[in-house]
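# Examining the three-dimensional arrangement
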Amino acid sequence: MVEISPEINIDSTIQQKPQPSPPSSKAQADSIDKYADAKPIPFLSLFRHGTTQDKLIIFTGMIIQSSVGLSFCMMNLVFGEVLDDLSSPSSSILAATKPTIIIMAVLAAVFGVAAFIGMSFIPFGAARITNRVRNAYVRAVLAQDMAFFDESKPGEIVAALAEYTMDFEEGLSTKLGEGLQAVCGGLGGLVVALYFSWQITLMCLVTVPIMAFSFYMILQSGAGNDGLLGKEAYEAAANIADETLSSMPTIASFGGEVKAATRYEGHLGEAEDSAIRQSKKLGLGTGCLWGAFFGMMGMGFWWGGHLTIQSREQAMINNPIPADFQTNEIYAINRAYADIFCVYKPPGSFGGGELLEYTGDAYDACVCSIPWSTFTETEPGIVDIQCGCTTGDLSIASDCITTGRTIAVFFSVMIAGFLLGMIPPAFQAIKKAQLAGYKLYKIIDRVPSINSSNTSGGKHVATMTGQISIQGMHFQYPTSATKTFEDVNLEIAAGETVALVGESGSGKSTIARLVCRFYDPQEGRICIDGNDLKDLDVKSMRDHIGVVSQEPLLFDDTIAMNIARGKPGPEPATMEEIEAAAKAANAYSFIQSFPDKFNTKVGARGSKLSGGQKQRISIARALIRKPSLLILDEATSALDAESEKIVQAAIDNLVGKSGTGGGITTLIIAHRLSTVRNADRIVVLGARDGTTSTVNGSSIVEIGSHDELMAKEGGLYKALVGGAHDDNDHTGQDFATPETGNSGTSNEANGLSIETTYKEFTVSTEKEETKSDGATDSTGTGEASETDKQVEEDFKKHVDKKRLKAYSSPEQCYFFCGLIACACTGLAWPICGVLFALMLSAMSILDYDVARTWTEWLALGFGFLAVADIVAQYFQTYLFEVIGERMTTRLRTDYFRSLLRQDMGWFDDPANALGVLTSRLAVDIKLIRLTVGQGTGSTVSSLTALLAALIIALIAAWQFALAFLATMPLLAMTEAINWALMKGGDSISKKKLGEISGSFGEYVNGIREVQSFSLEEVVTSDISELLQDKILLVAKKAAVFRGISAGSVQFIQLNVYALAFYIGARLIDDGLLDFESFNLVLWSMAFGSSGMGMAANWVSSAAKGKAAAVRVFELFDRRPPIDSKPWNEDGSPRDMVVPSDVNGKKGEIEFRNVKFAYPTRKTARVFDGLSLKIPSGQTAALIGSSGSGKSTVMSLLERFYDPVAAVVDRGDKGDDERIEIVIDGKLNDSNGIVMVDGVDIRKMDVKYLRNSLALVGQEPVLFDASVRENIAFAKDGATEEEIISAAKTANAHEFISKFEGGYDYNVGSRGKKVSGGQKQRIAIARAVLKEHRILLLDEATSALDNESEKLVQASLDNLIAENKAHDRTTLIIAHRLSTVRNADCIYVFENAGDGAIVVESGSHEELIALNGKYKALLDATLKSSED
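The present account deals with the structure reproduced in this document. Everything quoted here is computed from the prediction, not taken from an experiment.

## Some points on the overall build of the protein chain
Check the secondary structure of the protein chain and you find 49 helices and 24 strands. Buried positions account for 57% of the 1427 residues belonging to the protein chain. For the protein chain, long-range pairs separated by at least 24 residues make up 80% of all intrachain contacts whose partners lie at least 6 apart in sequence.

Right under this line is the structure:
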């Protein structure tokens, strides 16, 4: 019939019957929240970034789309006219209807083209304008000063590029087109309806309150309390899944699988109950909506029939038949024709039955209804009788109410109602675009106080000597409540090397930022070469400054290009300059080891390089600038001891007055003595009173060389150097924690640094440490295509349907009752078609008594149908929601439990990354549900409707039914297109935009480096290129597809119905069809075929659901090689099995010839015959350089992995062939054995083994729960006294008691509501509570400040002593002498490339006496005066 929009057609009102879905309350809440402080900009301001061409494209589309809306009114009139032509007496029905059919076909082509232009031009124009806004936004953000980034909400800057611009584009794109179409079509439809019959229009509108109620119920199902509670409950479950799966080592170590699953399942139950309650409202709302639709048809046609009869009766009174019609011979031929035409079949004869003659007034009305003027041309003897209803060129323009006019009015009101219902969402989207525009333009229009892009804002700096003067400086960060600096004065001579030291928060890095003019001081001034920084051009000034930060920002380009970007000016760096800089940074050797050397791609943010490699390239990038001022902000902190020493020597050769760099002025910020001790001067920052407290602002407390400051008794510098340990221990190289907050973060802490910072006790960290050739590792490409291939492969696999059915079998009774309800809702539509056809037939009868009786009964039939459909829709929605939700809960429960059961090696596989697993948990289960839940119910209903309609059509007129059936594939195709358009085509763009936003976020996080190296244009160009290639091109294709789809829907559907009218007219002329049979076939098929698009969509979903089921069941069936078996087969928690051959031992550890390689890094040997034995009750310490496998020892003890050797197989082609490393999966003794208390841990119950171990890592994991729950996680049924006692042991009780709620205080996700030190102490308390035999301390105090460390270390010392007294074992990994020196035995690990082994072992004194590796590790981090 008539199309309402590319998304809704008359098959959208009589055909499509879309299943209403509740809106996302969370999405609405999020929208309200993120635009809470925004004001809508003027509508036309949305187009301000568009070019003339952009505006021409979008405005053309807007005009055309408005005309498409108006076209609905015209099509309704044409449709009514053709129905009148079919029902009117004529010698040739085909001849009578042919002109109207031709008009319909022509309009189909016109409207098809119009729909194509409208629905392609608007989205494409919107995409072009939005892309320009994105580019302007990126450029504006990168030009902002640091105060802007400090004051902005975390993540909002990056989110704006994706979220705000998507809202911006949506309001300018399809929603704008839909809104224009809805306004024009809706208002036009009401105007047409009121013009042709205001009475029928008002009668149809009687059902509007019921429709309003139905929409209210549908909205309430998602936006009411149940909707909010359900979404919050599922989000809570999803958050638990995310935090659990991201913390699997902690979960497994503490045997917390059952507890994690219980938390998750509890929220799933809440979500299920809320969803089921929602379904009742949704079912009632949906039922009332379609019930009101059926009621509208009944009332509209009843009143239309009444007015039709009344108007005809009045017309016969006003313009009666000639009185001598029966007697006058002039009308003889007219009487002969009247005898032929003035017969009828009673409604409901379905093409059969006897013809009845009109008599009396009915005969007169029939005579007057014959279009005699059409006969006068072919039959000269016929008189053109003018009586009854007068007609013009169009029957619907008659002074009588006709059947066609009633149909036109009804469809105009109905379509207008649906169109007007589309206006609020469209206007809401436009308003959201205006709010998003406010947010975006606010940043785009913001003029930063320090603008690096403004080249005319100050004196151009051509040369710089590097002399720095800080005079009376007072400074406070824009977002800070306290001062950072109080009256600082400092003079730095050109070529001088000055080191800044001090406690955390003392402002070391802040001075570097002020010198780079990222901020301006509130008082005083900073000068370079005698010029106030405020008077200098920012960009040219920064071109003379080289910055090396702790976390360098590298671009996804070659090594050469990353280094070359450091060179300022238009002239590109030469290869000689690049290589010289790389050699100076000690990077040349490892770069040359890569196959592509300097052309090696480093990956996004240097992801293909190790931390040390990235840092050295960053240093090379700074050195290639040949800077006059070099700022080293923790520049060597990411390097191991050996590399640090070499790089530091290279830097030392460049800087200083005697350096080869020509006297570069150097600012050094570091916390290692080896880094700063040779500086010309050391500036000590602290409070004026000489303490480390800087609450009232930091000042320069001391200044001098290292020797001068060390000679000062009671000085702050000397206290910082030796504050954490005794001076006699050569432990003075770590004197302060690096700054946090605005200054960045660091994992180093106070104390002696034997090795580079160890990140976290996870498998991935150890693997990162062992990476030696990261640049050759490649990340996967073509993820989307790989995913599609995987889905296709999964679909081909067999799924046990009985197994899948078992998840919904408890609701089998619900399922059968739901099928009955589906059959009823399905039958409602072909029944509606039958009633509709009979109503048209009844309204065409000229025997007014018969017509009145039939229209009244048929209207009553519509009423019964409405009530029945409300009941059936309610039960269909409710029952299938119960089935779907309960099945979903069971599947998610089993899936989550299966995930928790897997081994660490499985989680290491990139195919099982966190995002993949959480997505499967949400998406795969949802896809499976589509095969059983509401989608199944709707599909069963649709197929029932189609089958019933086909049967009715074949019975009524099989010839016409078969002819119409031949067009069904075309209609099915249009329905599938409609569903595709309704589902939206923005998912690809959103995904790509999310990836681009992620890249942009990395640049924003590294904004200081971007601006330091004047890389704003480079970043803007990169982002712009990504937007052009990944967003605009996709948007163009999507716009063309949407336009072609919308146009083809219009063209195909209207032409199909034009063809149907043509065939029907011909069959009527041939006597094979009558008016009633035609309508029975047409309307039953039209209404009944409405579900073809839904069925096609279900078939597609079922295929995806099958592929998802394959993946889900594969996980269910996977039995990990290291299986903790948290649950019994019946799902109940399993009790652990205590081995009988422990022999009373309490923690003896033995590694016997252990060989190991990580499953995902088969070529990297971690151990090659590691052997060590730790007697029970002893305290053992493991030390060694990065990558030597210390944390892997703990992983193997926890049995996250089993010993598996990497075996070299050179094959038979000689040594020149590539070496292939193969993992021998057999767990045999040849790979070594890990034993605890004399028992091979592979023979132990994993649950028992892990219960015997207590782990405290460097960055502990806390869960989104109370302090009490986090501590009690270590022990089932822990009492309050035990929890408090453990907290006191960890020095945590005091600060916990000060929390609001004390032990009931929620620590937030991953402990974000507590400080790092507090989080660490809660984790220590958790370990203390566990009844362990072996205590594992992995950098357990490294996150604490000096004071906290002393308290916690004392507690740990007590705990270690208690362990020893109870014959318990303690294993320590640490980089501080104070932590390891008192160990009974220290094991020194070394990895020469073929796997780590123990090269030395013994007490601290014994190892010092050996003068071997242990002593070398100490010396590598301490530069003695002899150096």
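## Side note on the state of the cysteines
Applying the stated criterion across every chain yields a total of three disulfides. Here Cys342 connects covalently by a disulfide to Cys366, the sulfurs 2.2 Å from one another. Here Cys342 and Cys366 share a disulfide; its torsion about the S-S bond, -100°, makes the bridge left-handed. Of this pair, Cys342 sits in the loop between α12 (332–341) and β1 (343–344) while Cys366 sits in helix α13 (residues 361–369), and the two are 24 residues apart along the sequence.

## Overview of unusual backbone geometry
With phi around 55°, Asp487 is a residue other than glycine that occupies positive phi space. Locating Asp487 in the fold gives a position in strand β4 (residues 485–492). Overall, the relative accessible area of 34% leaves Asp487 in the partly exposed class. The backbone of Asp1237 shows a phi angle near 55°, a positive value even though the residue is not glycine.

## Quick word on the sheet that holds strand β3 (residues 468–475)
Strand order in the open sheet formed by four strands is β4-β3-β6-β7, with antiparallel pairing between adjacent strands. Two strands lie at the open edges of the sheet, namely β4 and β7 (531–532), each paired on one side alone. Relative to strand β6 (residues 523–528), β3 runs antiparallel, the two sharing five bridges. Residue Ile470 lies in a different strand from β6, and its bridge partner there is Ile526. Of the strands in this sheet, β3, β4 and β6 touch helix α15 (residues 508–515), which is tilted by about 115° from β3.

## Some points on the pairing of strand β13 (residues 1149–1157)
For a regular strand, the rule is simple: side chains alternate between the two faces of the sheet. Two elements, β13 and strand β14 (residues 1165–1174), share seven bridges in a ladder whose sense is antiparallel. In the strand pairing of β14, Ala1157 is matched with Arg1165. Where β13 lies against strand β18 (residues 1233–1236), four bridges are found, and the strand directions are antiparallel. Residue pairing in the sheet places Glu1150 in a bridge with Met1235 of β18.

## A few points about the environment of Arg139
Position of Arg139 among the secondary structure elements: in helix α4 (residues 93–142). Look at Arg139 and you get partly exposed, because its relative accessible area is 43%. Expressed as a C-alpha distance, the spacing of Arg139 and Ser1021, which sit 882 residues apart in the sequence, is 9.2 Å. Excluding residues within four positions of it along the chain, Arg139 makes contact with Glu1017 and Thr1020.

## Brief notes about the packing of α12 against α13
With their axes 10 Å apart at the nearest point, α12 and α13 run at an angle of 110° to one another. On the basis of the axis angle, α12 is roughly perpendicular to α13. For the pair α12 and α13, the contacting residues are Arg335, Ala338, Asp339 and Phe341 in the first and Tyr363, Cys366 and Val367 in the second. Looking at the contact of α12 with α13 residue by residue, the classes come out as five nonpolar, no polar and two charged.

## A word on helix α18 (residues 575–584)
Among the residues making up α18, those that are buried are Ile578, Ala581 and Ala582. Angular distribution of buried residues about the axis of α18 spans 100°; they occupy a single face of the element. Residues of α18 that are exposed and angled more than 90 degrees away from the buried face: Glu576 and Lys583. Positive phi appears at Asn586, one or two residues downstream of α18, with a value of about 60°.

## Side note on the sheet that holds strand β10 (residues 665–669)
Strand pairing within a sheet occurs via backbone hydrogen bonds; the two strands may be parallel or antiparallel. The six strands lie next to each other as β8-β9-β10-β5-β11-β12, forming an open sheet whose pairing is mixed. Both outer strands of the open sheet, β8 (545–548) and β12 (699–704), are each paired with one neighbouring strand and no more. The average angle at which neighbouring strand axes cross in this sheet is 20°, direction not considered. Sheet topology places strand β5 (residues 497–502) next to β10; four bridges connect them, and they run parallel. The partner of Thr497 across the bridge, within β10, is Thr666.

## Observations regarding the pattern of salt bridges
Pairs may arise between side chains of opposite charge once their charged atoms sit close together. Tallied over the entire structure, the rule returns 34 salt bridges. As a salt-bridge pair, Lys175 and Glu178 come within 3.6 Å of each other at their nearest N and O atoms. Taken together, the positions of Lys175 and Glu178, both in helix α7 (residues 174–204) and three residues apart, correspond to about one turn of that helix. Residue class for Glu178 comes out buried when judged on its relative accessible area of 11%. As a salt-bridge pair, Glu1294 and Lys1298 come within 3.8 Å of each other at their nearest N and O atoms. With Glu1294 and Lys1298 both in helix α44 (residues 1293–1298) and four residues apart, this pair spans about one turn of that helix. Comparing Glu1294 with Lys1298 shows no difference in burial state: the two are exposed. Taken together, the shared-partner salt bridges connect Glu272, Glu811, Arg886 and Arg890 into one network.

## Comments concerning the side chain of Asp1240
Along the chain, the position of Asp1240 falls in strand β19 (residues 1239–1240). According to the relative accessible area criterion, Asp1240 is buried, its value standing at 10%. Engagement of the side chain of Asp1240 in a polar contact is seen with the side chain of Arg1242, the distance being 2.9 Å.

## What about the environment of Ile617?
Counting through the fold element by element, Ile617 comes out in helix α20 (residues 611–623). Between the C-alpha atoms of Ile617 and Val548, which are 69 residues apart in sequence, the distance is 9.9 Å. Excluding residues within four positions of it along the chain, Ile617 makes contact with Leu554, Ile559, Asn562, Ile563, Phe590 and Leu609.

## Brief notes about the packing of helix α43 (residues 1280–1289) against helix α45 (residues 1316–1329)
Taken N-terminus to C-terminus, the directions of α43 and α45 make an angle of 125°; their axes are 8 Å apart at the nearest point. Viewed along their axes, α43 and α45 adopt a mutual orientation that is oblique. As α43 packs across α45, the resulting crossing turns out to be right-handed. Contacts between α43 and α45 involve Glu1282, Ile1283, Ala1286, Ala1287 and Thr1289 on the former and, on the latter, Ala1325, Val1328 and Leu1329. Taken together, the residues of the contact of α43 with α45 break down into six nonpolar, one polar and one charged.

The rules behind these values
- Residues numbered from 1 in each chain as written.
- Predicted model: local features only at pLDDT ≥ 70, side-chain atom pairs only at ≥ 80, totals over all residues.
- Heavy atoms only, no water.
- Helix = DSSP H or I, 4+ residues; strand = E, 2+ residues; numbered from the N terminus.
- Buried < 20%, exposed > 50% of the residue type's maximum accessible area, 1.4 Å probe, protein only.
- Contact = heavy atoms within 4.5 Å.
- Disulfide = S-S within 2.5 Å.
- Pairing = 2+ DSSP bridges.
- Axes fitted to C-alpha atoms, helices over the stretch in contact; angles between N-to-C directions.
- Parallel < 35°, antiparallel > 145°, perpendicular 65-115°, else oblique.
- Nonpolar A, V, L, I, M, F, W, Y, C, P; charged D, E, K, R; others polar.
- Arc of directions from axis to C-beta.
- Salt bridge = Lys/Arg side-chain N within 4 Å of Asp/Glu carboxyl O.
- Polar contact = N/O pair within 3.5 Å; in protein donor to acceptor, adjacent residues only side chain to side chain.
- Left-handed = near helix turned anticlockwise from the far one by under 90°.

Interpretation in functional terms is not warranted from these geometric data alone.
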